[in-house]
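Structure assessment
The primary structure of each chain is shown beneath.
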Amino acid sequence: LSDGFCIDYSVDDGLNYLTAQCFFAISMNNLWYDDTSVLIDLAPYDDTLSQMTIRFRCETDSLNDDILIDKVEIFGLQDKD
C-alpha cells in the first residue's frame with residue numbers, strides 16, 4: 001500500500017461514504033498537493049439534499065504516518081435552470 005489520503009463524502013449523515021478522490025505518493029515523502037481542487041457533483045441528489053459531510057481518510061502502510069491538511073475552502077454552487 002502506498003501512502004496517501006482520500007476525500008470522502010456522505011449525503012446521509014455519515015452512514016455511508018463515497019470516495020471523491022484519492023492522492024497517493026509513489027515513492028516520495030513530503031509530497032505537497034498545493035492548489036488542488038476536488039469536485040463533488042451532488043446533482044444526482046437534486047433538491048433532496050440538505051447537508052453533506054466530508055472526511056479526510058488517511059491511507060498508509062504504517063501507524064506512524066499521518067497527513068497534514070491546511071487551507072480548505074468549500075464552495076457550493078446551485079444550478080438554477
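Our subject is the structure that appears above.
A brief report on the enclosed structure follows. (Residues numbered from 1 in each chain as written. Predicted model: local features only at pLDDT ≥ 70, side-chain atom pairs only at ≥ 80, totals over all residues. Heavy atoms only, no water.)

This part covers a nonpolar patch on the surface. A cluster of nonpolar residues, Phe56, Ile69, Val72 and Ile74, forms a patch on the protein surface that exposes about 370 Å² of accessible area. Examined against the element boundaries, Phe56 turns out to sit in strand S3 (residues 53–59). Among the residues examined, Phe56 registers a relative accessible area of 36% and is labelled partly exposed. (Patch = residues over 30% accessible without salt bridge, like charges linked within 9 Å, V, L, I, M, F, W, Y side chains within 5 Å. Areas by Shrake-Rupley, 256 points an atom, 1.4 Å probe, with all protein chains shown as cover. Salt bridge = Lys/Arg side-chain N within 4 Å of Asp/Glu carboxyl O. Helix = DSSP H or I, 4+ residues; strand = E, 2+ residues; numbered from the N terminus. Buried < 20%, exposed > 50% of the residue type's maximum accessible area, 1.4 Å probe, protein only.)

The phi dihedral of Asp13 is positive, around 60°, even though this residue is not glycine. Looking at where Asp13 falls in the secondary structure, it is placed in the loop between strand S1 (4–10) and strand S2 (18–24). A positive phi angle is found at Lys71, which is not glycine, with a value near 60°. You can see Lys71 is positioned in the segment after S3.

Scanning all chains against the criterion turns up one disulfide. Residue pairing for Cys6: its cysteine sulfur links by disulfide to Cys22, the two sulfurs lying 2.0 Å apart. Residues Cys6 and Cys22 share a disulfide whose torsion about the S-S bond is about 105°; that sign makes it right-handed. Within this pair, whereas Cys6 is found in strand S1, its partner Cys22 is found in strand S2, the two being separated by 16 residues in sequence. According to the relative accessible area criterion, Cys6 is buried, its value standing at 2%. (Disulfide = S-S within 2.5 Å.)

This paragraph deals with the pattern of salt bridges. If you walk through the whole model with that rule in mind, you get three salt bridges. Put simply, Arg57 and Asp8 hold a salt bridge, and the shortest N to O gap is 2.6 Å. With a gap of 49 residues between them, Arg57 in strand S3 and Asp8 in strand S1 connect regions that are remote in the sequence. Note on Arg57: relative accessible area 22%, which makes it partly exposed. One network of salt bridges, with partners in common, ties together Asp8, Arg55, Arg57 and Glu59.

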